[in-house]
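# Structural description and commentary
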Number of protein chains: 2
Amino acid sequence: MKVGSLVQKNPKSIDQNATVFDAVKMMYENGLYGLLVTDGDNHYVGIISERSIINRFVLRNVPATEIKVKSVMRTPIPRVMADDDIKDVASFLSSNGLSRCAVFRNEGELVGIITITDLSRHLSVQNVSEVLLSHRSRKFKFRCPACMVGTMEPVYNPRGEITVFKCNNNKCGHME
Amino acid sequence: MKVGSLVQKNPKSIDQNATVFDAVKMMYENGLYGLLVTDGDNHYVGIISERSIINRFVLRNVPATEIKVKSVMRTPIPRVMADDDIKDVASFLSSNGLSRCAVFRNEGELVGIITITDLSRHLSVQNVSEVLLSHRSRKFKFRCPACMVGTMEPVYNPRGEITVFKCNNNKCGHME
């Protein structure tokens, strides 16, 4: 079965310069647990989920209106193609520790979002539990949006608060 | 199969007067997505998860050190017994829109926590997808800890921030 037949179409998106507050409000009002993120030109540049908000926002210990979506999103967007088989999509989610990804057609045409929940009714128990287990065991890694090589690591102050995320590639050192 | 044989033993717990900051730090450092909550006498009084933090903390728009765990936890603790069959536990999770619950033995002896991920390898596809779907579709309800009858509903200010949660039972009106 092709993943294109199961996909949630017309997914909600939010601008990368909106705040975490705006994003959670949109998620809450629409009963959603993830959003796509766009830049000023309406290109899709990232994806956010409850987990990325927990991992990248709460320990900054500031109000939700003070952190922008672009500092919390996963980028680039994990993606599969609409004519991929659902088993291959499950493997993709599992090997990347994801619960959701974007589905594209051709090069840049977004079809929608697919989650492990959407897939679960059409997969074997083994496939479903692989994705669930990998999602749990995997520490979230954020690729650096500047160099696209390093990963963004938290920098803590003595109180255990995250003051900034810094790229672990010494040649880059991008912070956000 | 009995749920007692699959349970995660020695689950981590946190005091109800600790802050959301402390809870997320403990979850992050231990690779956990939920914690049990205790009162001053080491009784288990609630449970918190990533979802309860998203739903009950972020829209308050204050730093994570300013909100206590007891204002975010689900109480009373959803619970099953160690000798319950895993299919019945799946039904319990599904009918309550939960992804996890506590497992007890006898009256008050905690064995551990069980999640849909733990169960997934031992259930049918139908059972797993029922729990996943109900977890997604269900709006989180928090029972009022004062009257145990009403549910705690958010009160918003004009900026869309949650200023307080208030019990919707008119005779109670408890706020937190």
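Every chain is numbered independently, its residues counted from 1 as its sequence is written. Labels are handed out in written order, letters beginning with A for the chains and numbers beginning with 1 for the ligands. Local features in a predicted model are, by the rule used here, given only for residues with pLDDT of at least 70; side-chain atom pairs are given and counted only at 80 or more, and totals for whole chains, interfaces and linings are based on all residues. Only hydrogens and water are set aside; all other atoms, that is, all heavy atoms of the structure, feed into the side-chain values.

Another point: the overall build of chain A. Check the secondary structure of chain A and you find 5 helices and 9 strands. Helical segments are the DSSP runs of H or I of at least four residues, strand segments are the runs of E of at least two, and each set is numbered from the N terminus. Listing every helix and strand of chain A by position from the N terminus yields β-β-α-β-β-α-β-α-β-β-α-α-β-β. The atom set for the radius of gyration is the C-alpha atoms, and the globule formula is 2.2 Å times the number of residues raised to the power 0.38. Against the compact-globule benchmark of 16 Å for 176 residues, chain A has a radius of gyration of 16 Å, which places it among compact chains. Dimensions of chain A, computed from C-alpha atoms along their principal axes, come out at roughly 50 × 30 × 30 Å. Each residue's exposure class comes from its accessible area (1.4 Å probe, protein chains only) as a fraction of the maximum for that residue type: buried when under 20%, exposed when over 50%, partly exposed otherwise. Split into buried and exposed, the 176 residues of chain A put 54% on the buried side. Two residues form a contact once any of their heavy atoms are found within 4.5 Å. A fraction of 53% describes how many contacts in chain A between residues 6 or more apart in sequence connect residues 24 or more apart. For chain A, the accessible area works out to roughly 8,000 Å², and carbon and sulfur atoms hold 47% of it. Each accessible area value is a Shrake-Rupley result obtained with a 1.4 Å probe; residue values ignore everything except the protein chains displayed when judging cover.

In this description, a nonpolar core means a group of buried Ala, Val, Leu, Ile, Met, Phe, Trp, Tyr and Cys residues linked to one another through side-chain atoms lying within 4.5 Å. The biggest cluster of nonpolar side chains holds 52 residues, and the ones touching the most others in it are Ile48, Ile53 and Phe57 of chain A together with Ile48, Ile53 and Phe57 of chain B. Contributing elements (two or more residues each) for this core: helix H1 (20-30), strand S3 (34-38), helix H2 (50-56) and strand S9 (162-167) of chain A together with helix H1 (20-30), strand S3 (34-38), helix H2 (50-56) and strand S9 (162-167) of chain B. Apart from the residues lying within four places of it in its own chain, the contact partners of isoleucine 53 of chain A are Val20, Val24, Met27, Ile48, Val58 and Val72 of chain A together with Ile54 and Val58 of chain B.

Okay, the domain arrangement of chain A next. Residues and elements named next belong to chain A. Partitioning chain A into domains gives domain 1 (3-140) and domain 2 (141-176). Domain limits in this description derive from either an automatic procedure or a database domain assignment. For domain 1 and domain 2, the distance between their C-alpha centres works out to 21 Å. Contacts between the two partners involve 15 residues from domain 1 and, on the opposite side, 10 residues from domain 2. For the pair domain 1 and domain 2, the two sides together bury roughly 1,200 Å², of which 57% comes from carbon and sulfur. Each salt bridge in this description consists of a side-chain nitrogen of Lys or Arg and a carboxyl oxygen of Asp or Glu lying within 4 Å of one another. Taken together, domain 1 and domain 2 are joined by 1 salt bridge. Between arginine 56 and glutamate 176 there is a salt bridge, with the nearest N and O atoms lying 2.8 Å from each other. Contacts described as polar in this section are N or O atom pairs within 3.5 Å, which, within protein, must combine one atom able to donate a hydrogen with one able to accept it, while residues neighboring in sequence count only if both atoms come from side chains. Counting every contact that joins domain 1 to domain 2 gives 4 residue pairs in polar contact (both at pLDDT 80 or more). Buried area: the accessible area, evaluated with a 1.4 Å probe, that two parts lose upon being put together, summed over both parts.

What follows covers the interface of chain B and chain A. Contacts between the two partners involve 43 residues from chain B, matched on the other side by 43 residues from chain A. Counting the surface lost from both chain B and chain A, the interface buries some 3,900 Å², and carbon and sulfur atoms represent 65% of this. Remark: the boundary between chain B and chain A carries 2 salt bridges. Among the ionic pairs, arginine 51 of chain A bridges to glutamate 50 of chain B, the shortest N-O distance being 2.8 Å. Among the elements that line the side of chain B that touches chain A, the one with the most residues is helix H5 (residues 125-137) of chain B, at 7 residues. When grouped by side-chain class, the residues that make up the side of chain B that touches chain A number 20 nonpolar, 12 polar and 11 charged. The nonpolar class holds Ala, Val, Leu, Ile, Met, Phe, Trp, Tyr, Cys and Pro. Asp, Glu, Lys and Arg form the charged class, and all remaining residues, Gly among them, are polar.

For the pair chain B and chain A, the relating rotation is 180 degrees, the translation along its axis is 0.0 Å, and the fit reaches an RMSD of 0.0 Å. The operation mapping one copy onto its partner corresponds to a two-fold rotation axis. Looking at chain B, 100% of its interface residues are interface residues in chain A too, so the copies touch through the same face. Each copy is superposed on the other by least squares, with the fit set by C-alpha atoms of residues at a pLDDT of at least 70 in both.

Take the environment of glycine 40 of chain B next. Residue and element names in this part refer to chain B. Along the chain, the position of glycine 40 falls in the loop between S3 and strand S4 (44-49). Classification of glycine 40 as exposed rests on a relative accessible area of 70%. Glycine 40 sits 53 residues away from leucine 93 along the chain, and the two C-alpha atoms are 28 Å apart.

Residue and element names in this part refer to chain B. Within S3, 5 of the 5 residues are buried, which leaves it mostly tucked inside the rest of the structure. Pairing geometry for strand S2 (residues 13-15) and S3, over 3 bridges, is parallel. Residue pairing for S3: aspartate 15 is matched across the bridge by threonine 38. Here is how to tell: hold the view so the strands point away, follow the path from the first strand over the helix to the second, and if it runs clockwise the crossover is right-handed. Taking the sense of rotation as the criterion, the β-α-β connection linking S2, H1 and S3 turns out right-handed. The hairpin formed by S3 and S4 contains 5 residues between the paired strands, and asparagine 42 there has a positive phi angle of roughly 65 degrees. Two strands make a pair as long as DSSP finds a minimum of two bridges between them.

A few words now on the sheet that holds strand S5 (residues 79-81) of chain A. All names here are of chain A. The strand order across the open sheet built from 4 strands is S1-S7-S6-S5, with neighbouring strands paired in mixed fashion. Each end of this open sheet is capped by a strand with a single partner; those strands are strand S1 (8-9) and S5. Here 2 bridges tie S1 to strand S7 (residues 109-115), and the two strands are oriented antiparallel to one another. In the strand pairing of S7, glutamine 8 is matched with isoleucine 113. For helices, the axis comes from a line fit to the C-alpha atoms of the stretch in contact; other axes are also lines fit to C-alpha atoms, and the angle between any two N-to-C directions lies between 0 and 180 degrees. Helix H3 (residues 86-95) rests against S5, strand S6 (100-105) and S7 of the sheet, and its axis sits at about 135 degrees to S6.

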